[in-house]
Amino acid sequence: MKPRWRFYVVGFLVLMGFDTLSQLCFKLTAMHAEPFATDLAWLLRVAHSPWVYGAIAGYLGAFVTYMSLLKHAPVGPAFAASHLNVVSVLILSAWLLREHLSLPQLGGAVLIVLGILVLAGAEQDDGHHTAH
């Protein structure tokens, strides 16, 4: 594996970690601030939830990581790979939050991963053709 691909793999794993952290923290914030209401009391419950700060930190980390990756990675596969968090959130929500996984959700997760692999392979093939 070339050093550049190691950078991409590690970078996208870090990005997926930050994105996943954000989404899980938002879910936990919503659970902590129940019941939902459009009033000041609900906003105060959200602000006092420790999970909301994890969500904010996750988004900031994801933003910095994604901008760093876009500086070096091709845009198409980078954009696609940035959506791996959908799969990681699905899996971790089932494991940590005991949410039910349906067959369509699992099928969608497989399609997301396959799509990312196809885009990455196509980008790699294009790089080989233009280099000759």
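Calculation rules
The numbers attached to residues start from 1 for each chain and follow its sequence in the written order. Restriction of local features to residues with pLDDT of at least 70 applies here, the model being predicted, together with a cutoff of 80 or more for giving and counting side-chain atom pairs; totals for whole chains, interfaces and linings are based on all residues. Excluding hydrogens and water, the side-chain figures rest on all heavy atoms present in the structure. Two rings from Phe, Tyr or Trp (for Trp, the six-membered ring) form a pair when their centres sit within 6.5 Å of each other. Planes less than 30 degrees apart are called stacked, planes more than 60 degrees apart edge-to-face, and all others tilted. Strands here are runs of E lasting at least two residues and helices are runs of H or I lasting at least four, both read from the DSSP assignment and numbered beginning at the N terminus. Note on classification: 1.4 Å probe, protein chains only; a residue is buried when its accessible area is under 20% of the maximum for its type, exposed when over 50%, partly exposed between these limits. The contact criterion used throughout is that any non-hydrogen atoms of two residues lie within 4.5 Å.

Caption draft 1: Structural context of the packing of aromatic side chains. Tallying each qualifying case throughout the model produces three aromatic pairs. Seen in terms of ring centroids, Phe 26 and Tyr 59 are 5.6 Å apart; in terms of plane orientation they differ by 50°. Their pairing is tilted. Linking Phe 26 in helix 1 (residues 3–32) with Tyr 59 in helix 3 (residues 50–70), this pair joins segments that are 33 residues apart in sequence. According to the relative accessible area criterion, Tyr 59 is partly exposed, its value standing at 40%.

Caption draft 2: Structural view of the side chain of Ser 22. Its place among the elements puts Ser 22 in helix 1. Residues within four places of Ser 22 in sequence aside, it is in contact with Ala 55, Gly 58 and Tyr 59.

Caption draft 3: Fine view of unusual backbone geometry. Between Glu 34 and Pro 35 the backbone carries a cis peptide bond, its omega angle lying at 0°. Turning to its location among the elements, Pro 35 is positioned in the loop between helix 1 and helix 2 (40–47). Positioned with a positive phi, Arg 98 is a non-glycine residue whose angle comes to about 60°. Considering the arrangement of structural elements, one finds Arg 98 in the loop between helix 5 (84–96) and helix 6 (103–131).

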